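Secondary and tertiary structure notes
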Amino acid sequence: MKHIAVYPGSFDPATLGHLGILKRATKLFDEVHVLVVHNPSKQPLFTSAERLNMIKQSVRELGVDISPLRFSTLESGLLAEYAEVHGAHALIKGFRTVADIEYELPMSQVNNDLSGVETIFMASEPGLGYVSSSLVKEVAALGGDISKYVTDAVSQKIQEKLNAS
Ligand code: COA
């Protein structure tokens, strides 16, 4: 049986923290769907297509094996339903601190109620536990160096976006 997982998130943009989790997930599953999810409670800087493209470019830049990866977006509908339709048994969630677990725990339980899908929590790499997409955007907007937190591809896209605004 093929073991399939979905790695969902807003990824606005994906940081090196997200990409580290993704790389490690490919070692555990035969197929990993990177799913850019529209979160109506957030006002994203990038469109879903732009976010997905940045992940593809970042994966290439980091030399991650792309053969187990599938890339998709979810503009509406349930994550649990996406997992069910695509035969995925697991959702991958990265956690940085206990606060992430508190936020993620009810979602994992509801997703399990909805479709039986399991959530696998992976601890973020030491040293990247304080990185978030919002912080990266804020530092970049204020002229700070974000090269420790994101790939060159993402860094470049953020600069383009900021210059255009
Ligand atoms: N490294 C760096 N940052 C990380 C990280 C890691 N390993 N893991 C999480 N983060 C950060 C993100 O950067 C983000 O930070 P930000 O708020 O500063 O942007 C934050 O943690 C939250 O992660 P994000 O990927 O944005 O998740 P989310 O909370 O927006 O979305 C979904 C979670 C999309 C998976 C959830 O809303 C969902 O499932 N939606 C689909 C609809 C649905 O099924 N709803 C019912 C759910 S039970």
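The sections below set out a description of the structure shown in this document.

1. Description of the nonpolar core
Leu22, Ile55 and Ile92 are the most contacted members of the largest nonpolar core, which totals 20 residues. Listing elements by their share of this core, those giving two or more residues are strand E1 (4–9), helix H1 (16–28), strand E2 (31–37), helix H2 (48–62) and strand E4 (90–95). What Leu22 contacts, discounting residues up to four positions off in sequence, is Tyr7, Val32, Val34, Ile55, Val59 and Leu69.

2. Some points on a nonpolar patch on the surface
Side chains of Leu78, Val110 and Leu114 sit close together on the surface and give an oily, nonpolar patch of about 250 Å² of accessible area. Looking at where Leu114 falls in the secondary structure, it is placed in helix H4 (residues 98–115).

3. Section: the site of the ligand
Residues in contact with the ligand amount to 24 residues; listed here are only the nearest, Ser10, Asn39, Lys42, Tyr103 and Ser134. The side chain of Arg96 places a nitrogen or oxygen atom 2.9 Å from an oxygen atom of the ligand. Between the ligand and the protein, one listed contact pairs a nitrogen atom with a backbone N or O atom of Val131 at 3.2 Å. Taking 960 Å² as the accessible area of the ligand by itself, protein coverage stands at 84%. Its atoms largely coinciding with the cavity grid, the ligand occupies the largest pocket. Among the elements of the structure, E1, H1, E4, H4 and helix H5 (133–141) are those that each provide at least two residues to the shell around the ligand. The greatest single-element share of the shell around the ligand, amounting to four residues, is contributed by H4. Taken together, the residues of the shell around the ligand break down into nine nonpolar, 12 polar and three charged.

4. A closer look at the packing of H2 against helix H6 (residues 152–164)
Contact geometry of H2 with H6 gives a least axis separation of 8 Å together with a crossing angle of 145°. On H6, the residues touching Glu50, Met54, Gln57, Ser58 and Glu61 of H2 are Asp152, Ala153, Val154, Lys157 and Lys161. In terms of residue class, the contact of H2 with H6 is made up of three nonpolar, two polar and five charged.

5. Observations regarding the packing of aromatic side chains
Taken as a whole and assessed by the stated rule, the structure comprises two aromatic pairs. Here Tyr7 and Phe11 contribute two aromatic rings whose centre-to-centre distance is 5.2 Å and whose plane-to-plane angle is 70°, an arrangement assigned as edge-to-face. Note on accessibility: Tyr7 and Phe11 belong to one class, buried. Judged by centre distance (6.1 Å) and plane angle (90°), the rings of Tyr130 and Tyr149 are edge-to-face. Taken as a pair, Tyr130 in the loop between strand E5 (118–123) and H5 and Tyr149 in the loop between H5 and H6 lie far apart in primary sequence, 19 residues in all.

6. Notes on the side chain of Ser124
Along the chain, Ser124 falls in the loop between E5 and H5. Judged by relative accessible area, Ser124 falls into the buried class, the value being 17%. In contact with Ser124, not counting residues within four places along its chain, are Ile21, Arg24, Phe95, Arg96 and Gly129.

Cut-offs used in this document
Residues numbered from 1 in each chain as written. Predicted model: local features only at pLDDT ≥ 70, side-chain atom pairs only at ≥ 80, totals over all residues. Heavy atoms only, no water. Core = buried A, V, L, I, M, F, W, Y, C linked by side-chain atoms within 4.5 Å. Buried < 20%, exposed > 50% of the residue type's maximum accessible area, 1.4 Å probe, protein only. Helix = DSSP H or I, 4+ residues; strand = E, 2+ residues; numbered from the N terminus. Contact = heavy atoms within 4.5 Å. Patch = residues over 30% accessible without salt bridge, like charges linked within 9 Å, V, L, I, M, F, W, Y side chains within 5 Å. Areas by Shrake-Rupley, 256 points an atom, 1.4 Å probe, with all protein chains shown as cover. Salt bridge = Lys/Arg side-chain N within 4 Å of Asp/Glu carboxyl O. Near = heavy atom within 4 Å. Polar contact = N/O pair within 3.5 Å; in protein donor to acceptor, adjacent residues only side chain to side chain. 1 Å grid on protein atoms, 1.4 Å probe; cavity = no way out; pocket = protein on both sides within 12 Å on 5 of 7 lines; lining within 4 Å. Sits in = over half its atoms within 2 Å of the grid points. Nonpolar A, V, L, I, M, F, W, Y, C, P; charged D, E, K, R; others polar. Axes fitted to C-alpha atoms, helices over the stretch in contact; angles between N-to-C directions. Phe/Tyr/Trp six-rings, centres within 6.5 Å; stacked < 30°, edge-to-face > 60°.

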